[in-house]
Structures are given as structure tokens and as C-alpha cells.
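Spelled out, the chains give:
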Amino acid sequence: MSDIKFSVVIPLYNKQQSIVNTILSVFKQSYQNFEIVIIDDGSTDSSVDAVKSISDERIRLIHQENQGVSAARNRGIKEASYEWIAFLDGDDLWESNHLEEIVKMMKVFPEHKVYVTSFEYSDKRKMFKHERSSPIFKIDNYFKEVIKENLLWTSIIVIEKSCFSLVGLFNTSLNNGEDIELWCRLAEKFNIIKSTKITA
């Protein structure tokens, strides 16, 4: 499955302190078949200069006036060259096995369109986890299980681009919870494949 290609969509707004480390965490991936689509959402600090300090033809930097994170992610989806969209925020980090784990999940559940690994907070706080019989599994009841467990998070999810034509994009009218609202729409239409492995 080395022919699987990912478009890594990174919304960027005033992340000059973190964006270089975020990008480097993508370049450190054990699975290297990707492009990075960075949508600068009208940054007013030195974020753009920080991105330009990294020279790699796989980076595409696209500028737009400030419209919010949902609009930036939506622009990234539209600009993506490949069918698999991996999201990563400009102050988050992937472990080196993130995309490799997604590909592994695709081998186990090849007919699906939404894949999500697991994450930890930088302060290592304890998080509730349901007991699972397998490290890679299909979420049985998203709306029931998500009440207790942080199942999805923007920087660990990979979605086939075709899904957005069915469920729509991120809701630009929401200032909070815009990601959770999209996950609900996805969970209504698609089975979500989850890995217990922490990759971000």
C-alpha cells in the first residue's frame, strides 16, 4: 500500500513558536508519501517566515485573509492533491509512526473512509479509555462512547476526500466545537476505524 498518498492540511494563524516543529514532525514520518498543504489564515506574526525557512518541494503555502480555522481547513481540503486528507494543527506534533499506523489500519479495514489513531496531552494527564479487544477496531457506537472517551481529535484523523461531498465541510459559522460537529456528521454516515496506538 505504498501508493497511498496523504495531503497533510495544516491551518496556520500566528504559530511562529510552534509551526517549524509541527512541520518537522511530518518530515520525520516513517511513511513518506505525502504533501503538506499549509493555509496561512492571515497571520500577523512571523509564522510565514518560519514556514519559508524550511525548503522542501512537498510544502505548499497558500495565503488567504483571516477567516478562521474552519475556513482554513476547508481551503486545505479543496487544495489537496491526494484523496486522503490528514489534519494537523500548527501547534501539535505527530510521532514518527503516525502515517504508518494509518496505513496499517487501512490494511486491516480496507473498505473504510475514516481512520483515527490515539493521542496524549503534552502534560500527560490521564484520559479515560474503554477496554478494547483489539488494538485496531471499528467504533461500535460513536455517540455513546464519545461521552466518556476522547475518540476523535483533529490532529489524529484521516478522511477520504470524497466524504466531504456527502457530509459537508467544517462549519464556518461555529467559533467553538466546529471539529466535534463535523465528527458527528461523519459518524452518522461512516464507520470510524480507531487505533489505540498514541501517534500524536
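We now examine the overall build of the protein chain. From N to C terminus, the protein chain includes 7 helices and 8 strands. Computed over its C-alpha atoms, the radius of gyration of the protein chain comes to 16 Å, within 12% of the 16 Å expected for a compact globule of 200 residues. Projected onto its principal axes, the C-alpha positions of the protein chain cover 45 × 35 × 35 Å. The buried share of the protein chain, taken over its 200 residues, is 50%. Nonlocal contacts in the protein chain, meaning residues at least 24 apart in sequence, comprise 77% of its contacts between residues at least 6 apart. Total accessible area on the protein chain is roughly 9,900 Å²; 46% of this is exposed by carbon and sulfur atoms. Within the protein chain, one finds 25 positive and 29 negative side-chain charges whose respective centroids are separated by 4 Å.

Next up on the list: the packing of aromatic side chains. Scanning the entire structure with this criterion turns up 9 aromatic pairs. Aromatic pair Phe-119 and Trp-153: ring centres 4.5 Å apart, planes at 35°, arrangement tilted. You can see Phe-119 sitting in the loop between strand 5 (114–118) and strand 6 (136–138) and its partner Trp-153 sitting in the loop between helix 5 (142–145) and strand 7 (157–160), a full 34 residues away along the chain. Phe-119 sits in the buried class, given a relative accessible area of 4%. Since its relative accessible area comes to 21%, Trp-153 is described here as partly exposed. Consider the rings of Tyr-142 and Phe-143, whose centres lie 5.3 Å apart with planes at 85°: the pair is edge-to-face. An aromatic cluster is defined as three or more aromatic residues linked by ring pairs; in this entry it consists of Phe-87, Phe-164, Phe-170 and Trp-183. Just above the ring of Phe-170 sits the side chain of Arg-73; from NZ or CZ to the centre is 5.2 Å. Stacked on the ring of Tyr-121, the Lys or Arg Arg-125 has its end atom at 3.7 Å from the ring centre.

Rules used in this analysis
Throughout this document, residue positions are counted from 1 along each chain, in the order its sequence is written. With the structure being a predicted model, the display of local features is reserved for residues of pLDDT at least 70 and the display and counting of side-chain atom pairs for 80 or more, all residues being used for whole-chain, interface and lining totals. Calculation of side-chain values draws on the structure's entire complement of heavy atoms; hydrogens and water are dropped beforehand. Strands here mean DSSP runs of E at least two residues long; helices mean DSSP runs of H or I at least four residues long; both are numbered from the N terminus. The quantity called the radius of gyration is restricted to C-alpha atoms. Its globule counterpart is 2.2 Å times the number of residues to the power 0.38. Only protein chains enter the accessibility calculation, which uses a 1.4 Å probe; a residue whose area is less than 20% of its type maximum is buried, one above 50% is exposed, and one in between is partly exposed. In this description, contact between two residues means that some pair of their heavy atoms is separated by no more than 4.5 Å. We get accessible surface area from the Shrake-Rupley algorithm with a probe of 1.4 Å; when it comes to residues, only the shown protein chains can shield them. Counted charges follow a simple rule, with Lys and Arg positive, Asp and Glu negative, and His plus the chain ends left uncounted. A charged residue contributes its charge at one atom only: NZ of Lys, CZ of Arg, CG of Asp or CD of Glu. The aromatic pairing rule takes the rings of Phe, Tyr and Trp, using the six-membered ring of Trp, and pairs them if the centres are within 6.5 Å, calling planes under 30 degrees apart stacked, those over 60 edge-to-face and the rest tilted. Only Lys NZ and Arg CZ are tested; either one counts as a charge over a ring when it is within 6 Å of the ring centre and within 35 degrees of the ring normal.

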